[in-house]
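Report on the structure
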Amino acid sequence: MFLTISTTGTPERPATDLGFLLHKHPDRAQAFSTSYGKAHVLYPEADVERCTAALLLEVDAVALVRRGKGKGRGGAPDAALAQYVNDRPYAASSLLAVALSSVFSSAMSGRCDARPDAPGQTRPLRVEIPALPARGGRDLVAKLFEPLGWTVTAEAVALDTQFPEWGDSRYVRVVLESQSLTLAEALRHLYVLLPVLDDAKHYWVSSDEVDKLLRAGEGWLPVHPEHKLITSRYLSRRWSLTRQAMERLELVRLAEADDSEVEAIDNAVEESADGETEEKPTPLAVRRRDAITAALTEAGAARVLDLGCGQGQLVQALLKDARFTEIVGTDVSMRALTIASRRLKLDRMGERQASRVQLFQSSLAYTDNRLKGYDAAVLSEVIEHVDLPRLPALEYAVFGAARPRTVLVTTPNVEYNVRWETLPAGHVRHGDHRFEWTREEFRTWANAVAERHGYAVEFVPVGPDDPEVGPPTQMAVFSMKTATTETTTESVNAKEAKAA
């Protein structure tokens, strides 16, 4: 499979600048190894007036099949059906898109040290793809590329020129032309839309594909009229990933409409000075995680939910203890989950360790069947971020629907606030806190929740327990009542009543 990229020029702006932008010299052919074969870059023509670069990808059919073995990981649909005989070596697909991003990575990012001003300049561009699978035909090719500033010529390829009555195949020969795009923009369009048109990927689509899509689609995908179709197909119609991507695209659109930054819209996590969100490494934060870990260990929990996991500090701490065999972090904020993923280094984590952890988006305002069946759930510094009228919904989602055997809830003790010298009187500890409870208020709420849902509850101080105002953090440990416990309690009460 191959494609060509051509441009024209003048003596003042020679066409051979294309070689600088692509970081590939026009005077020699170059070869690059890929996971599924070898990519070649060569220039059929290169002079001041016209320059053409060709990317030729030789696909190793044996490697494609071998790497596609197994259920659901890395197998191209066509290869799974036809093994060694399929269209992958000949038709543009995600294989070519990955080769583009690998071989022309600097050009795609818009970097050129030799010509620093060149990447930002628009230039005449012509892209030719002899065989492009298009599930949706020529009309879909036009719908995808024309809104981005391309003039599209798409010709259907006949199934067999000897038998025209057989009709057209699903392949088209495509020519894209533009006068208003930079090379980096053009490459990002191709990187996203080639696998979208093919509607198949040669590798397993995981959560990091959402980040890849949004990076490549920055500046054009949120406003593209077909952004829903592009997102769904690029993510192989994986509903959960598509939902994540659409929510993040919506944040971008809202920010643009409000003439503000995305961070100002998705502000569940505070920004630090360097742009990364990091919880301050205060002794109280460490003590809180230690207290939670100790309570989980005492409860014998192995499968744990961290509800409202934020930046993933607790998930990271639990991963260090082999007693916790499955740890799930959830949060309503995709930005927080992205930071948690980076903190945990999920993309570089070993297979055994990665099998123990999972992050996904979920709102505690609604029931979620994915949260059922766990030993324990932790809501660490979560409830105070919820509006009081919404607390009953959170209560039912956790205690009524998910029903883990143990639930740990930590929240600030407002009485302790007078001990914070830097906290003005009457202020809460975090700008997003909807309330902060006294010890009595927290106990009243926790006892009522336990009574309604069949739990027993104990209260544990976290941090220095001040004799006047109590600890800085208060923790409630909910334990589900068993039938045996309830029966025993009833028997004791009956005996006491009889004795009385």
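Notes on the structure follow. Counting from 1, residues in each chain are numbered in the order their sequence is written. Only residues with pLDDT of at least 70 get local features here, since the model is predicted, and only at 80 or more are side-chain atom pairs given and counted; chain-wide, interface and lining totals rely on the full set of residues. To obtain the side-chain values, all non-hydrogen atoms of the structure were used and water was disregarded.

When two helices pack together, their arrangement is given by the angle between their axes and by how far apart the axes lie. To define axes, lines are fitted to C-alpha atoms, for helices over the stretch in contact only, and angles between the resulting N-to-C directions are given on a 0 to 180 degree scale. Think of it this way: any DSSP run of H or I at least four residues long counts as a helix, any run of E at least two long counts as a strand, and we number them from the N terminus. The geometry of helix α4 (residues 94-103) relative to helix α7 (residues 183-198) is characterised by a closest axis approach of 8 Å and an angle of 155° between their N-to-C directions. With respect to each other, α4 and α7 are oriented roughly antiparallel. In this structure, α4 meets α7 at a crossing whose hand is left-handed. Here α4 contributes S94, L96, A97, L100 and S101 to the contact with α7, which in turn contributes L187, L190, Y191, L194 and P195. Oblique is the label for any angle not under 35 degrees, not over 145, and not in the 65 to 115 range, which are roughly parallel, roughly antiparallel and roughly perpendicular in turn. What makes a crossing left-handed is the near helix being turned counterclockwise from the far one by less than a right angle; a clockwise turn instead makes it right-handed. Throughout, a residue-residue contact means that at least one pair of heavy atoms, one from each residue, lies within 4.5 Å.

This part covers the nonpolar core. As used here, the term nonpolar core means buried Ala, Val, Leu, Ile, Met, Phe, Trp, Tyr and Cys residues forming a set that is joined through side-chain atoms within 4.5 Å. Partly exposed residues are those whose accessible area sits between 20% and 50% of the maximum for their type, while under 20% is buried and over 50% is exposed, using a 1.4 Å probe and protein chains only. Core analysis: the biggest nonpolar cluster contains 69 residues, and F145, W150, V192 and L194 have the highest contact counts within it. Among the elements that make up this core, the one with the highest residue count is α7 (10 residues). Among the nonpolar cores identified, the runner-up in size contains 30 residues, and Y374, L391, L394 and Y455 belong to it.

A pair can form between side chains of opposite charge whenever their charged atoms are brought close. The rule for a salt bridge is simple: a side-chain nitrogen of Lys or Arg has to be within 4 Å of a carboxyl oxygen of Asp or Glu. Applying the stated rule across the entire model yields 23 salt bridges. Here R170 and D198 are joined by a salt bridge, their closest N and O atoms 3.6 Å apart. On the criterion of sequence distance, the pair formed by R170 in strand β7 (residues 168-181) and D198 in helix α7 is long-range, its members being 28 residues apart. According to the relative accessible area criterion, R170 is partly exposed, its value standing at 23%. Here R419 ties to D466 by a salt bridge, and the two come within 2.9 Å at their closest N and O atoms. Residue R419 is located in the loop between β12 (406-412) and α17 (439-453), and its partner D466 is located in the loop between β13 (455-462) and β14 (473-480); the two are separated by 47 residues in the primary sequence. Since its relative accessible area comes to 17%, D466 is described here as buried.

Another point: the packing of helix α16 (residues 391-402) against α17. Running from N to C, α16 and α17 cross one another at 50°; their axes reach a closest spacing of 11 Å. When the interaxial angle is binned, α16 and α17 end up oblique. As for the relative orientation of α16 and α17, their crossing is right-handed in sense. Seen from α16, the contacting residues are L391, E395, F399 and G400; seen from α17, they are W445, V449, R452 and H453. Under the scheme applied, nonpolar residues are Ala, Val, Leu, Ile, Met, Phe, Trp, Tyr, Cys and Pro; charged residues are Asp, Glu, Lys and Arg; polar residues are all the others, including Gly. The residue inventory of the contact of α16 with α17, partitioned by class, reads four nonpolar, two polar and two charged.

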